[in-house]
6 protein chains.
Amino acid sequence: MSDELNSKRPPVANKWQLERIVGELRDARRAWRSSTGRSQEPGGRELPSRAAIGLIVESLSGALFPMRLGPHDLRQESEDFYVGHTLDAALNNLLAQVRLELRHAARQRAGAPEAGQDIHERAQSIVRDFAEALPGLRRLLDSDVLAAYQGDPAARSVDEVLLCYPGILAVIHHRLAHHLYNAGLPLVARMISELAHSATGIDIHPGAHIGESFFIDHGTGVVIGETAIIGDRVRIYQAVTLGAKRFESDDSGQLLKGQLRHPIVENDVVIYAGATILGRITIGEGSTIGGNVWLTRSVPKGSNVTQASIQNQVGNVG
Amino acid sequence: MSDELNSKRPPVANKWQLERIVGELRDARRAWRSSTGRSQEPGGRELPSRAAIGLIVESLSGALFPMRLGPHDLRQESEDFYVGHTLDAALNNLLAQVRLELRHAARQRAGAPEAGQDIHERAQSIVRDFAEALPGLRRLLDSDVLAAYQGDPAARSVDEVLLCYPGILAVIHHRLAHHLYNAGLPLVARMISELAHSATGIDIHPGAHIGESFFIDHGTGVVIGETAIIGDRVRIYQAVTLGAKRFESDDSGQLLKGQLRHPIVENDVVIYAGATILGRITIGEGSTIGGNVWLTRSVPKGSNVTQASIQNQVGNVG
Amino acid sequence: MSDELNSKRPPVANKWQLERIVGELRDARRAWRSSTGRSQEPGGRELPSRAAIGLIVESLSGALFPMRLGPHDLRQESEDFYVGHTLDAALNNLLAQVRLELRHAARQRAGAPEAGQDIHERAQSIVRDFAEALPGLRRLLDSDVLAAYQGDPAARSVDEVLLCYPGILAVIHHRLAHHLYNAGLPLVARMISELAHSATGIDIHPGAHIGESFFIDHGTGVVIGETAIIGDRVRIYQAVTLGAKRFESDDSGQLLKGQLRHPIVENDVVIYAGATILGRITIGEGSTIGGNVWLTRSVPKGSNVTQASIQNQVGNVG
Amino acid sequence: MSDELNSKRPPVANKWQLERIVGELRDARRAWRSSTGRSQEPGGRELPSRAAIGLIVESLSGALFPMRLGPHDLRQESEDFYVGHTLDAALNNLLAQVRLELRHAARQRAGAPEAGQDIHERAQSIVRDFAEALPGLRRLLDSDVLAAYQGDPAARSVDEVLLCYPGILAVIHHRLAHHLYNAGLPLVARMISELAHSATGIDIHPGAHIGESFFIDHGTGVVIGETAIIGDRVRIYQAVTLGAKRFESDDSGQLLKGQLRHPIVENDVVIYAGATILGRITIGEGSTIGGNVWLTRSVPKGSNVTQASIQNQVGNVG
Amino acid sequence: MSDELNSKRPPVANKWQLERIVGELRDARRAWRSSTGRSQEPGGRELPSRAAIGLIVESLSGALFPMRLGPHDLRQESEDFYVGHTLDAALNNLLAQVRLELRHAARQRAGAPEAGQDIHERAQSIVRDFAEALPGLRRLLDSDVLAAYQGDPAARSVDEVLLCYPGILAVIHHRLAHHLYNAGLPLVARMISELAHSATGIDIHPGAHIGESFFIDHGTGVVIGETAIIGDRVRIYQAVTLGAKRFESDDSGQLLKGQLRHPIVENDVVIYAGATILGRITIGEGSTIGGNVWLTRSVPKGSNVTQASIQNQVGNVG
Amino acid sequence: MSDELNSKRPPVANKWQLERIVGELRDARRAWRSSTGRSQEPGGRELPSRAAIGLIVESLSGALFPMRLGPHDLRQESEDFYVGHTLDAALNNLLAQVRLELRHAARQRAGAPEAGQDIHERAQSIVRDFAEALPGLRRLLDSDVLAAYQGDPAARSVDEVLLCYPGILAVIHHRLAHHLYNAGLPLVARMISELAHSATGIDIHPGAHIGESFFIDHGTGVVIGETAIIGDRVRIYQAVTLGAKRFESDDSGQLLKGQLRHPIVENDVVIYAGATILGRITIGEGSTIGGNVWLTRSVPKGSNVTQASIQNQVGNVG
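Residues numbered from 1 in each chain as written. Chains lettered and ligands numbered in written order. Predicted model: local features only at pLDDT ≥ 70, side-chain atom pairs only at ≥ 80, totals over all residues. Heavy atoms only, no water.

Focus on the overall build of chain A
Scanning chain A from terminus to terminus reveals 10 helices and 14 strands. Put simply, chain A has 318 residues, and 60% of those count as buried. Pairs at least 24 residues apart make up 45% of the contacts formed inside chain A by residues separated by at least 6 positions. When the accessible surface of chain A is split by element, carbon and sulfur atoms take 50% of a total near 11,600 Å². (Helix = DSSP H or I, 4+ residues; strand = E, 2+ residues; numbered from the N terminus. Buried < 20%, exposed > 50% of the residue type's maximum accessible area, 1.4 Å probe, protein only. Contact = heavy atoms within 4.5 Å. Areas by Shrake-Rupley, 256 points an atom, 1.4 Å probe, with all protein chains shown as cover.)

See below:
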């Protein structure tokens, strides 16, 4: 499409000035790439795909709970066949996504030459470990389902919990994402988290550590930060935040990444709707945090914190 | 796949140790099933399907509002044909889902032998009643659309309301779900509610009773509990909770199910964003509840409750 | 299907009483149409379609960020081809939707005879302007991506931001919607906003004006009103409301539409989670608004507002 | 993408030499367009679409035979609703395709200025006539189904015929195509014929006139030419050709189009597999033409033509 | 839609006269139904579905040849899982189709009251037998693949044969269809045959009996009749017909169904393209039938029949 | 699933005896694999996919004829963008399929160790050559379209030819397949041919060499063999065979592969329907071969062969 060719062209209806706009968009991309020191990536994108991750998580959910989240016409006679076949496909697809993230990470690290074989083997080993962890994850999730059934007077059956509760959907995603996050795949893990966030309004960073028998009711607006630690048998309600109080910066004003900045919630704690708990504080075992409470200090074991109690105790709010 | 056969197998690349993991997942399922006293369900799942319910609700929405939520190329000449055809398919599909829930419920009730014919007739009668209720539901929904248009200064037309407002989507789902909940289908009803919850962030339990001309603006984070009762011409904003204050337990510490534990909101009440109203209290007719108010006591007709008024009146927060 | 014919019909299984219910639904539609003064629209719906708008936005996102939001196998060699082809299809489809809204608006304006040709030309001119604005929007969005990366200690790369952060998804939608809103297409614009709202829980009215380098973290429950003005380098967190304090009514009690009723947030402001800022007030440059703060008065440049500071300063809340 | 820009580009991996090949393909298109005197068509393709035609025929088949070719879950109670709704959508879609063909034909005719409104009205009138013809077509097709059932000893029921016989599929397509061909839509008609040809191997030109109770058994390889005339109750088998003997040319050697060049087959004729009948000859009423017969001369009423009889009678073949 | 209601309707654009045409189509259906003595079928269609059968055959093909016709990413490690899962789903779906045919057949038999339970058990037993036959069918098909590879000089590998040869596709379909035909399911069997006929132009009636190592090359136009019997190691080419010479009628002129009327082809016969073999004759073991030969008399073992040999031997063609 | 585990299992409904049948199918596969000396392929299938090839051919058809076979809403302004983008995706996908065939071929060749890098480079070079050949193929195909338009009196426009004629579809497929066949990809090439064969009943082996301006009318049943050579401006009709007379065997009775065994058809020949031409003979320039002629000897330039002429000349047939 040289100028010369353009000049010879018959005057066609140039409805959208496409060539000009395409050119300007190219200029904008180049400016961005050079400002962020990006390579020109001649070899294509090579990043994990949200859509692919979505299908993988769906398959894994079916393999974990075949008679509830698998195909609607599955029967026990063929349960194992279904699980084996589905798992194989899902793990192979996951392997491809893992490789994409590992390669991308290698490129980011100062453009070091990629050792393709190493990456392949590391990816394979990560997925193999992940596969081995699945039975344990299933047992953990069973404890979550039971916690939801026992914790909500409106729940009529464990089936209703598994099929309908957004909190369960979020926890299935989180437990898968958390394993992958620990295995060194923050991007794939985050994609899994955000799929749950979009579907449920529950935003759990894949880095958060969560014990067994965990239950989130309603859930919309819940935020759980990257370095939060949550014990066993914890129950939380909609709009609860386990967040950071402030972000540390370095001397140049850049935010420091990786600081421990979110709460520790010990076993058997209940946190009611809208409570905001900020900073690396500890909520002692068995405590109850009331609705809308704003809390930035640790509380001991067995505390019962309400809006009133805070105002009475400390004279002013947080 | 007996051990004998396995031993004769040529050593193929055992990439994921599938047989072992499939076996462990089977063990986890068995442990769960025996711990929850589940039968082995040789006959398949037989539970309503979320995807099927989603398609049914979509068809019903089209049948209720053919020129707005039906196919984009519909014309008035064939409106009735479309409505009749769509309704027939949707009702037949709903019948199948209703039967699944009724059969599941029968199995749950102490494994009583299923009286297949009875269930079929009960399902048919439920769906027939539901069909007869649709014209009335349409009239109710018209009042909701009008309420939204009149209640939001940003609304330019009733079409914008019907096509864009998440509050309307949630109310369409709720009115369908509530009818089915009352007809004894808590699971199907809950699936409908959760479809709306996922799409809008508005979480209305299908048990809640809601009068005409109801409007939820923005809506993300709204929670309305199972036993809530809402009058006519009520307007609520995002992040409002009509929840339970506490859950009753029986002597053994098990939560009691089915208690009346959510608020009664009388006619013509407005509740602003973030207000939290808990327990079986009554908000008197015509009252206004301010943003972020935390309320656990009944207020009389015509009250105007703000954060300030609460603190001044009662000395502490609640 | 006259009565006469019906009487001659053999008695078939009348499972759903379809004819009767279809008739009653038709009566309900007629009652609604005549009560709202709607024409009988013999020519079909002619309203923009949410599904069509969704596909257009997806294509535009790909054209703006081809190597991140375009097809996963795109390579730089064919980037421009992809952008040109995708843009052409998206703009043509957008043109069709724009025409539908303009025609609908013309019909709403007192049934004035449609000047089909005028509408076509206006639509074409709107879409052409929109196309020309795309390179500028891309540059604005680049500033948003960078702001997210720099503003969140958990963000590992700009790629993670673009692929995973709901705040970025919402801002891409908003910047496209805002341009179309200003061009006189409130319905198409609102559909775009609501697509983002449904996916992210972030509800930004397309009328809101937002400066460069804007970052919303977590985002669920954020509401930004129609007449809000937000400066450059502003950062806000989940559940922040920039809303109206009250709605003006005219003498007859009808809400006045189009009043300036939402806050002005100046450059370099940070607003923490759950803060509620209501009315046409101004948050001065560089201010920080703490979590859960309830604010209905302007604050000067450089303010640091917390829940405590408010209670101390003003003696009571809002 | 001017030369200048190209020269500044960084040397990216030019995997496929796309720009060069795209340029050469453009040159090839231009050469073709100028050699065939084609305009440059700035306004887009505007030709009927095979895929759209396929969907229309599928819908019409369902509307004609709702309980056999309509949706599998249709019930008699809603048959009319289905028929009305499906017909409306199919006719509207057909209208769009008809307009495309009429406009294309107008452009072909010496580039006469298109009278858009005239074309719209003519299209509407064609489709309206087509709609009115459908009940008659259904009755004709019923006679075809019956003829197949009675003519094939392997046929077990009329349902098997309608659901399985390729001959019936071909005749449904032909009767629809023939009506549209006569209405001046050779291109749409041909697309319908070729859909059947591809699915069945039966190639009936839409111009052929075919009487009632027509049956083609097996069918693969049947060819029936544009000007063929077939009476009532005719039965033919696979690989039968009703073709042209030779093509007339004008003085310049160009083929003359539109000559009557295919056979007339009178009522109650049977033509066995592989028979080839060429030229504007007449097969007299009630005749039987044996398998593989090669026939280029008329035969009187009641003839029984076999390979042997031909060789004996005429001394040589053809 | 009574007349009364119609008269009150506002005059909307009656574009297609839908009500009238729908009414006339209804009249045509009623005329057909009463002329063929059809019940009014209030309970719906209940006939096997071509689309459902297509999916079942696709699944069975994958289960029979998992590494060639199964999913492209299958690996040996999970082959058995895939086969078991796919088979289970396919057999369940087949069971549903079988029940539909058996019920339909019961209704056809003089409207005898359906014994639902009997039909269910018969269907289950048929499908169970079919499942048990699959390993044997796989071995038969292996012999066919080998015959194709050895019989075609253009075949490069057994993989090319299995992936590309229409003859193999047709034989897979036939062997499945033939088993079901013998089990008393002529309609389901015929649907399977016609799927292959449409895809390949090869028309094998499911009743035909075919021995092992059968190979059809090219195939278009091949017709093999209902009562044909074909031995082992037979090879045939395109456009070969194994048909009936004439149909027997009863005294009233009705065709007799079920007569043995197609050829017997013994072991090791080759039949070249276009040969037509008609009637209940026998082609003796090891014979070769030349291209285009027309044969209506039995030939002994080891015959070599060509067009010339026939004319020489019998003086005329027959 | 060891025996031990099986024995402990509760007796579930063993509806299909799945484990047994899966086991028997596995045995059948093993028997086949060992009898054909197949490896156990632990690494998966790695064969080209028919579905993938189908999508590639569709894209290439669009890139070759953008305004006729490309997307229906394409406009000239964006033609080049579409072509470039489509071509890039199609070539990348083709590259993947080519690699699969090359690797498969390498494995077949005595299990030689795969040199992955070599295969990648060879595949890339093949696809690059193929891309460069596309403009030439487009010019060839233009000559075919023109030949069809000029050769069929029923053809109304070149658009009708391109959109409707099965002969054109077959030739597009053939010209693509032939290039790839020559490049050493017999399997991919054959898949392309069979896609056309299935859709049109025209079976052209990808090895056949065909000159410019080639036209096949109707086409069903045409067979053109692997080593056929066809000159320029040749026209053939339905059911024409250009086949092999006999197959050469080696001493052991194995068919010899790769012999020149199909006809040479020189320039400007016309072959009418049903003619069968067998063996490595030559049809001289400008000859006409009549319908149903059976020809196994060469004929000189300008011959006019009919059924009669053959019988007269040679005394007997064949």
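Now that the structure has been shown, we can carry on.
Some details on the relation of the copies chain C and chain A
Turning chain C through 120 degrees and shifting it by 0.0 Å along the axis lays it on chain A, with an RMSD of 0.1 Å. The two molecules are tied by a three-fold rotation axis, judged by turn and shift. Of the interface residues in chain C, just 7% have counterparts in chain A that sit at the interface too, so the contact is made through distinct surfaces. (Least-squares fit on C-alpha atoms with pLDDT ≥ 70 in both.)

Concerning the interface of chain B and chain C
Tallying the contact residues gives 61 residues for chain B and 54 residues for chain C. Taken over both partners, the interface formed by chain B and chain C buries close to 5,100 Å², and the fraction arising from carbon and sulfur atoms is 56%. At the junction of chain B with chain C, the criterion picks out seven salt bridges. Between Arg-20 of chain C and Glu-132 of chain B there is a salt bridge, with the nearest N and O atoms lying 3.0 Å from each other. In this assembly, chain B and chain C are joined by 15 residue pairs in polar contact (both at pLDDT 80 or more). For the side of chain B that touches chain C, the secondary-structure elements that each account for two or more residues are helix H3 (50–64), helix H4 (66–69), helix H5 (79–108), helix H6 (116–151), helix H7 (158–164), helix H9 (186–200) and helix H10 (307–314) of chain B. Looking at the side of chain B that touches chain C residue by residue, the classes come out as 30 nonpolar, 17 polar and 14 charged. (Buried area = accessible area lost by both parts, 1.4 Å probe. Salt bridge = Lys/Arg side-chain N within 4 Å of Asp/Glu carboxyl O. Polar contact = N/O pair within 3.5 Å; in protein donor to acceptor, adjacent residues only side chain to side chain. Nonpolar A, V, L, I, M, F, W, Y, C, P; charged D, E, K, R; others polar.)

Quick look at the confidence of the model for chain A
Residue and element names in this part refer to chain A. Per-residue confidence for chain A averages 87 on the pLDDT scale, and 88% of its residues sit at or above 70. In this model, residues 1–13 is a region of pLDDT below 50 whose contacts with residues beyond four sequence positions or in other chains number 26 contacts. Across residues 314–318 the pLDDT falls below 50, and counting only partners more than four positions away or on other chains, this stretch makes 10 contacts in the model. Across the assembled chains, the prediction reports ipTM 0.89 with pTM 0.91. (pLDDT = per-residue confidence, 0-100.)

So, the interface of chain C and chain A
How big an interface is tends to be stated in terms of the accessible area lost upon association of its parts. Each partner contributes to the interface: chain C provides 61 residues, whereas chain A provides 53 residues. Across the chain C to chain A interface the summed buried area is about 5,000 Å²; carbon plus sulfur atoms make up 56%. Linking chain C with chain A are seven salt bridges, by the criterion used here. Of all the secondary structure elements, the ones that give two or more residues to the side of chain C that touches chain A are helix H3 (50–64), helix H4 (66–69), helix H5 (79–108), helix H6 (116–151), helix H7 (158–164), helix H9 (186–200) and helix H10 (307–314) of chain C. A total of 15 residues in the side of chain C that touches chain A trace back to one element, the largest contributor, which is H6 of chain C. Residue composition of the side of chain C that touches chain A, by class: 30 nonpolar, 17 polar and 14 charged.

Observations regarding the relation of the copies chain B and chain C
Structural alignment of chain B on chain C gives an RMSD of 0.0 Å, achieved by rotating through 120 degrees and translating 0.0 Å along the axis. Little of the interface of chain B is mirrored in chain C: 7% of its interface residues are interface residues there too.

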